[in-house]
Each structure stands twice: as structure tokens, then as C-alpha cells.
Amino acid sequence: MSDADADRMTIAQAKAWAVEQLKAGESPSVDSRILLCHVLKCDQSYLFTWPEKTLSRQQQQTFTEITDKRRQGYPVAYLVGRRSFWNLDLQVNESTLIPRPETELLVETALALPLPHHANVCDLGTGTGAIALALASEKPEWTVTGVDRIADALALAARNAILNGNLCVNWQLSEWFSALTNEPQFDLIVTNPPYVESNSEYLEQGDVRFEPKSALTSGEDGLKDIRIIVQQSANFLASGGWLVIEHGFAQHEAIVSLLSQRGFSECQGVTDLNGHLRITLAKWQKP
Ligand code: GLN
């Protein structure tokens, strides 16, 4: 090694350095590996196979910078610009929420419903497109519309459709239903809306500190948007259609009463792996 290279780290040294930097975090080892793979454009087995390889100056600088951002709490998914969801590899950025594993339960719930073969489906507040794209990939015979009020999020969702095998989804710029002028009749409306209470302490911890508040919070009780969605969905559902909502762990009963007041029937809750009711669904029958 020449003198000029003496300060260059090997893969093993870079990994050990990052683990030390990130030791106050939740997952120093996993985070270090993901960040290092991102910088080296390699998979994790490469790190274990070539621990003695040195990083280039540029790689070392980039790795140092992103590890430092991670140390300050910035989400791994934003640092590497991607996150897996369902069977998809999604690009993510600060225009929208990072897809969560628990939202896969919403996808499972939607897929288990008794729907027409050529169902007309809407994902409200699609963000990265995660839910719409998961449904389109499982049910190519469905017509899926992904709605978001943020143009950057829709551009990201459209890119994700292309990157995941040209999945077919109609992207619609709209604040909830406001721009859906021709009153489409959906067989299914799914949504993972903002539902966190605006003054919740939860917003001070972890990744959510860096995610857009508009995708997370919804008034003091967290139900402001869900009220609008329940109220308006009835106008956009075919008779016998379903509304499926992801929500916070203490909101099921309030949402059931909103749904019942609006005239929905067959309200049901779905529990997550922690035993919390995190999804509520109901059927719309035209009066
Ligand atoms: N499920 C998200 C979280 O726990 C909240 C996102 C949302 O409001 N839809 O961080």
C-alpha cells in the first residue's frame, strides 16, 4: 500500500467503524451493512467474501457522510433511496412516508375480499405507490387508481411502477376525492391515511422525525382525514364495495362508529402481529 493509500479503510474496518458510530441506535450492525452495500453497489455476501478490499477515496467519503447522517437519526430508507414492500423494490424520498411492513396487512386484507374479477380499485394517499402497486402486481386483471395530492409523490409512484415491471396503475393528482370528477364507482377503496395525533410524542422519535408531517398527522385526534374519507367514500363506492382503512392502535372503535353513522355495514377489524386492531373495513350497500 502506498503512503497515499495508508488512510483508506478496508471493508472490515469500514464496517467496524460504522458499527461503533451507530452503537447508540437501534440496529448498528444491520444499518452499517446496508449503508456499506449501498456505497459499494454490492450485496451483503460481497462484504463477507472480501473483507480486505479497500474502499476508494470517494466511496470512503460517501460512506463517512451517510453514516454520520444515520447517526443523527436520518432514516436508512431515505439514505439509500429504497425500501422493500410486499414483492416490490420501491424508491423512496422525502416527499412521502417510508412504506411500513405493517401496511402489508392492508394488502393481504384487500386481496382476501370477495371482489369482482375485474375489480375497480382505488388507493387513497398512495405515496410511494406501495399499496396500489402491490395490488396491481397480484391482480393484473384489476383496474387500480393511485391517488395523492402531492405531485412529487405521484411522480415517485409512477417511477416505481416502471421499476417493478411496468405495473399498470392510473395515477391521479387529487386531495382525497376532490379531483375525481366523473364519480367512478370503485369495488374497493384502500387507504393508509395520516392518522397520528398532531401533538403525539411518537413524532419525536426515530424515522418519523424526518418524514413529512402531512403524511403522518391528522388533527388533534388523528381522525380528521379518516372522517373525510369515510364521509366521501360512500359516494365513490359501487353497491357491495368495500372500504379498508389502516389506522392507529386505539382508533378502531371511533372508526366503526363513523362508518356506522355513514351507513356502512359489516364493519370488521383486523389485528396486527402485536394483537392491535390496526385495520378496519366495512361494506357499502346503496340505500
Ligand atoms: N404507521 C405509521 C407509523 O406508525 C403512521 C403512518 C400514518 O399515519 N399512516 O409511523
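Here is a short report on the structure shown in this document.

About the criteria used
- Residues numbered from 1 in each chain as written.
- Predicted model: local features only at pLDDT ≥ 70, side-chain atom pairs only at ≥ 80, totals over all residues.
- Heavy atoms only, no water.
- Pairing = 2+ DSSP bridges.
- Helix = DSSP H or I, 4+ residues; strand = E, 2+ residues; numbered from the N terminus.
- Axes fitted to C-alpha atoms, helices over the stretch in contact; angles between N-to-C directions.
- Contact = heavy atoms within 4.5 Å.
- 1 Å grid on protein atoms, 1.4 Å probe; cavity = no way out; pocket = protein on both sides within 12 Å on 5 of 7 lines; lining within 4 Å.
- Points joined across faces, edges and corners; volume = space filled by probe spheres on them.
- Nonpolar A, V, L, I, M, F, W, Y, C, P; charged D, E, K, R; others polar.
- Buried < 20%, exposed > 50% of the residue type's maximum accessible area, 1.4 Å probe, protein only.

So, the sheet that holds strand β8 (residues 265-271)
Here's step 1: Strand order in the open sheet formed by seven strands is β5-β4-β3-β6-β7-β9-β8, and the pairing between neighbours is mixed. The two strands at the open ends of the sheet, each matched to only one other strand, are β5 (170-173) and β8. In this sheet, adjacent strand axes meet at a mean angle of 20° when their direction is disregarded.
Here's step 2: On the sheet, helix α8 (residues 151-163) packs against β4 (143-148) and β5 and is oriented at approximately 175° with respect to β5.
Here's step 3: Relative to strand β9 (residues 277-284), helix α10 (residues 252-262) is tilted by about 10°, and along the sheet it contacts β7 (237-246), β8 and β9.

Description of empty space enclosed by the protein
Here's step 1: Under the defined criterion, the tally for this structure stands at one cavity of 30 Å³ or more.
Here's step 2: There is about 30 Å³ of room inside the largest cavity.
Here's step 3: Around the largest cavity, the lining residues are Glu102, Leu105, Glu246, Asp272, Arg278 and Ile279.
Here's step 4: Per-class residue counts for the lining of the largest cavity are two nonpolar, no polar and four charged.

Details of unusual backbone geometry
Peptide bonds are, in most cases, trans, and in most cases residues other than glycine have a negative phi.
Here's step 1: Even without a glycine there, the phi angle at lysine 41 is positive, about 50°.
Here's step 2: With respect to the helices, strands and loops of the structure, lysine 41 is situated in the loop between α2 (28-40) and α3 (44-49).
Here's step 3: One non-glycine residue, asparagine 166, lies in the positive phi region at around 55°.
Here's step 4: With respect to the helices and strands, asparagine 166 occurs in the loop between α8 and β5.
Here's step 5: Given the relative accessible area of 59%, asparagine 166 is considered exposed.

A closer look at the environment of isoleucine 255
Here's step 1: Structurally, isoleucine 255 can be placed in helix α10.
Here's step 2: Sequence separation between isoleucine 255 and glycine 125 is 130 residues; the distance between their C-alpha atoms is 18 Å.

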